[in-house]
Amino acid sequence: PACEEPHPTFIENALTKARHAAKLSGMAALADDSGICVKALDGAPGIYSARFALSNQKKSPTDTDNIQLLLKKMVGIEDRAAHFCATIVFIEHANDPEPLIASAQWHGQILHEPQGDGGFGYDPIFYVPTLQKTVAQLSSIEKNQYSHRAQALAQLYSALVQKFS
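Quick summary incoming for the structure in this document.

Quick notes on the rules
- Position labels on residues start from 1 in each chain and follow its written sequence.
- Reporting of local features is limited, given that this is a predicted model, to residues whose pLDDT is at least 70; pairs of side-chain atoms are given and counted only at 80 or more, and all residues count toward the totals for whole chains, interfaces and linings.
- Note: side-chain values were computed over all heavy atoms of the structure, leaving out hydrogens and water.
- Numbering of helices and strands runs from the N terminus, with a helix taken as a DSSP run of H or I at least four residues long and a strand as a DSSP run of E at least two residues long.
- N or O atoms within 3.5 Å of each other form a polar contact, as long as, within protein, one can give a hydrogen and the other can take it, and as long as residues adjacent in sequence are counted only when both atoms are side-chain atoms.
- Should any heavy atoms of two residues lie within 4.5 Å, those residues are considered in contact.
- Here, a salt bridge means any Lys or Arg side-chain nitrogen found within 4 Å of an Asp or Glu carboxyl oxygen.
- For every residue, the accessible area (1.4 Å probe, protein chains only) is compared with the maximum for its type, and the residue is labelled buried under 20%, exposed over 50%, or partly exposed between those bounds.
- Stacked, tilted and edge-to-face pairs are distinguished by plane angle, under 30 degrees for stacked and over 60 for edge-to-face with tilted covering the rest, among Phe, Tyr and Trp rings (Trp via its six-membered ring) whose centres lie within 6.5 Å.
- At least two DSSP bridges between two strands are needed for those strands to be called paired.

### What to know about the side chain of His148
Item 1. With respect to the helices and strands, His148 occurs in helix α4 (residues 148-164).
Item 2. Within the structure, His148 has its side chain in polar contact with the side chain of Arg149 (distance 3.5 Å).
Item 3. Those residues within four positions of His148 in sequence are excluded, and the remaining contacts are Ser34, Phe84, Cys85, Ala86, Ala104, Gln105 and Trp106.

In structure tokens:
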């Protein structure tokens, strides 16, 4: 079953989900929490990225709902700096006192309107200046090479190799 995500940080929520999975399964667990943080909005939507446009009418907002709300909140804002954040936690058991934690950011800017048809979530409005494309315009190979999740997984892989070798 799903796990509550009651904490204000990606790290705490990822660790809570990992502990929940390990407790239910009796096995080691891997969990993540991720989202988009916009500098001009004090880091919002942050941990609420997937449910940013949550309202009483809908149980789960669509990607389009979330994008539209973010663009509405960005009207008139010149500093459009943002980053995707991914935090991944590995624990050997539910009470593991030394979880492995990997966290990475992918920096870019929020566009004024969506561009590209690929990806999901905020990908159509997240522009990566170094690649001169939105994430929605990247191939899956490019996204898997540069993304916040790819960076965090590479960190976690290194930590796992070090721990278990």
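### Side note on unusual backbone geometry
Item 1. Between Ala44 and the following residue, Pro45, the backbone shows a cis peptide bond with an omega angle of 0°.
Item 2. Within the element layout of this structure, Pro45 appears in the loop between β1 (29-38) and α2 (63-74).
Item 3. In this structure, Asp42 is a non-glycine residue whose phi angle is positive, near 55°.
Item 4. By secondary structure assignment, the location of Asp42 is in the loop between β1 and α2.

### Re the pattern of salt bridges
Pairing between side chains of opposite charge can happen when the charged atoms of each approach one another.
Item 1. A complete count under the given rule lists six salt bridges for this structure.
Item 2. Close ionic contact of Glu92 with Lys163 constitutes a salt bridge, the shortest N to O distance being 3.0 Å. A residue pair is termed long-range when its members are at least 10 positions apart, and Glu92 in the loop between β2 (81-91) and β3 (100-110) and Lys163 in helix α4 qualify at 71 residues.
Item 3. A relative accessible area of 31% places Lys163 in the partly exposed class.
Item 4. Through salt bridges that share partners, Glu5, Lys17 and Asp33 make up one connected network.

### A look at the packing of aromatic side chains
Item 1. All chains considered together, the criterion is met by four aromatic pairs.
Item 2. Geometrically, the ring pair formed by Phe84 and Trp106 is tilted, given 6.4 Å between the ring centres and 35° between the ring planes. Of this pair, Phe84 sits in strand β2 while Trp106 is found in strand β3, placing the two residues 22 residues apart along the sequence. The pair Phe84 / Trp106 is uniform in exposure class, with both members buried.
Item 3. Cluster of aromatic residues (ring-pair linked, three or more members): Phe84, Trp106 and Phe126.

### Here's the deal with the pairing of β3
Item 1. Sheet topology note: the β2/β3 ladder contains ten bridges and is antiparallel. When the sheet's bridge partners are listed, Phe84 is paired in β3 with Trp106.
Item 2. As judged from the two bridges shared by β3 and strand β4 (residues 126-128), these two strands associate in the antiparallel manner. Each residue of the ladder has a partner; that of Gln109, found in β4, is Tyr127.

### A word on the sheet that holds β3
Item 1. Taken together, five strands build an open sheet; the order of strands is β1-β2-β3-β4-β5 and the sheet is antiparallel. The sheet is open, and its two borders are formed by β1 and β5 (133-134), each paired with just one other strand.
Item 2. Two elements, β1 and β2, share ten bridges in a ladder whose sense is antiparallel. When the bridges of β2 are listed, Leu30 appears paired with Phe90.

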